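Chain by chain, the residues:
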Amino acid sequence: MKIAYLICAHRNPQLIKKTIECLAGGENSFFVHIDAKFAIEPFQFLRGDRVYFLKKRLPVYWGEFSQTEAILQLIREALEAPQSYDYFVLLGGSEFPLRSGNYIHKFLEDRQGTEFITLMKMPAPGKPLARINTLRFPSTRPVLRFIFRVLAKAGLAQRDYRKHIGPLEPYSGNTWWALSRAACQYIIDFDRCDRRLANFLANTHASDECYFHTILGNSPLKSQIRRHLLYEEWPSEGPCHHPNLLSAKHVDFFESHEEVPAQDLHGPGEMLFARKFSDDHLDLVERIAAIIARKENLPKQSVR
């Protein structure tokens, strides 16, 4: 079985290097999109066997449809590659695996046909219909963006999704996923043949948490969907725009469990990746690499 890791990033080149080293092996490959707003030079040293940088780089803005477009570009590039990958695993630039590449390979191989993506029919906790029904223009249209942000505060920037996306029911969930080739091909075929959903979500917030989910939630693949594989910790109070940075206490938790369990409302499951790390605290991922080696009886410098 072949895995394509899709990495959509703008920072943390050293962390990404360690992630690739942990997951490399067999016929796994890495497709990397670096936000066009950032210099590519700090990432150039990552180039190598089975690491492919997308030549078409898009400027990506947080919470905007450009994130979805970058992910779609990664999927297309990996689907068109001659290696014919079986699974596609989407990562950002702040994740690190909790198990070796070989362990993850076997995990997916034993569950072929399962789609690992959190799916919640909207409205859902933290995913109100207002998220997609409120008009929000992208940064590339600053005047309209400002006007409609003001109107939104007064409740005057509303629309009804049912008038725009046909018979589709809206779904939402976590951005990061692991999907089969069939699921990724279904997404790309849908995106090519029916642009109503893309056009609607182009003017909304956090489409990357809705676009892929709505397509698959309305597809024949829905019955094969299970929760995502990524550990995150979100703030318990205040605005929850970003997950917390992980710390030594989280690494202690990972070490105390042979299989890191899910701890949220999306049901049981084993977590194979964790977010959020950075180049500023590489000691944490080095600890995790050592934990992986101990759990799987691997040489300390080899966690493939």
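A brief report on the enclosed structure follows.

What counts and what doesn't
- Residues numbered from 1 in each chain as written.
- Predicted model: local features only at pLDDT ≥ 70, side-chain atom pairs only at ≥ 80, totals over all residues.
- Heavy atoms only, no water.
- Helix = DSSP H or I, 4+ residues; strand = E, 2+ residues; numbered from the N terminus.
- Buried < 20%, exposed > 50% of the residue type's maximum accessible area, 1.4 Å probe, protein only.
- Areas by Shrake-Rupley, 256 points an atom, 1.4 Å probe, with all protein chains shown as cover.
- Lys, Arg positive; Asp, Glu negative; His and termini not counted.
- Charge placed at Lys NZ, Arg CZ, Asp CG, Glu CD.
- Pairing = 2+ DSSP bridges.
- Phe/Tyr/Trp six-rings, centres within 6.5 Å; stacked < 30°, edge-to-face > 60°.

### Some details on the overall build of the chain
Inference 1: Secondary structure assignment for the chain yields ten helices and twelve strands.
Inference 2: With respect to the principal axes defined by its C-alpha atoms, the chain has extents near 60 × 45 × 40 Å.
Inference 3: Out of the 304 residues belonging to the chain, those deemed buried represent 54%.
Inference 4: Surface accessibility of the chain: about 14,100 Å² in total, with carbon and sulfur atoms responsible for 52%.
Inference 5: Averaging the coordinates of the 40 positive side-chain charges in the chain and doing the same for the 35 negative ones gives two points 5 Å apart.

### Here we look at the sheet that holds strand 11 (residues 230–231)
Inference 1: Here we have three strands laid out as an open sheet, ordered 5-12-11, and mixed in their pairing. Edge positions in the open sheet fall to strand 5 (95–97) and strand 11, since each of these has one partner strand only.
Inference 2: Strand direction decides the pairing type here: strand 11 and strand 12 (residues 273–275), joined by two bridges, are parallel. When the sheet's bridge partners are listed, Leu 230 is paired in strand 12 with Phe 273.

### Points about the packing of aromatic side chains
Inference 1: Within the structure shown, the criterion is met by twelve aromatic pairs.
Inference 2: Taken together, a centroid distance of 6.5 Å and an interplanar angle of 70° make the contact between Tyr 5 and Phe 273 edge-to-face. Within this pair, whereas Tyr 5 is found in strand 1 (residues 3–9), its partner Phe 273 is found in strand 12, the two being separated by 268 residues in sequence.
Inference 3: Accessibility expressed as a relative area gives 0% for Tyr 5, which makes it buried.
Inference 4: Measuring from ring centre to ring centre gives 5.2 Å for Phe 31 and Tyr 52, while their planes differ by 35°; the resulting arrangement is tilted. Residue Phe 31 is located in strand 2 (residues 29–34), and its partner Tyr 52 is located in strand 3 (residues 51–53); the two are separated by 21 residues in the primary sequence.

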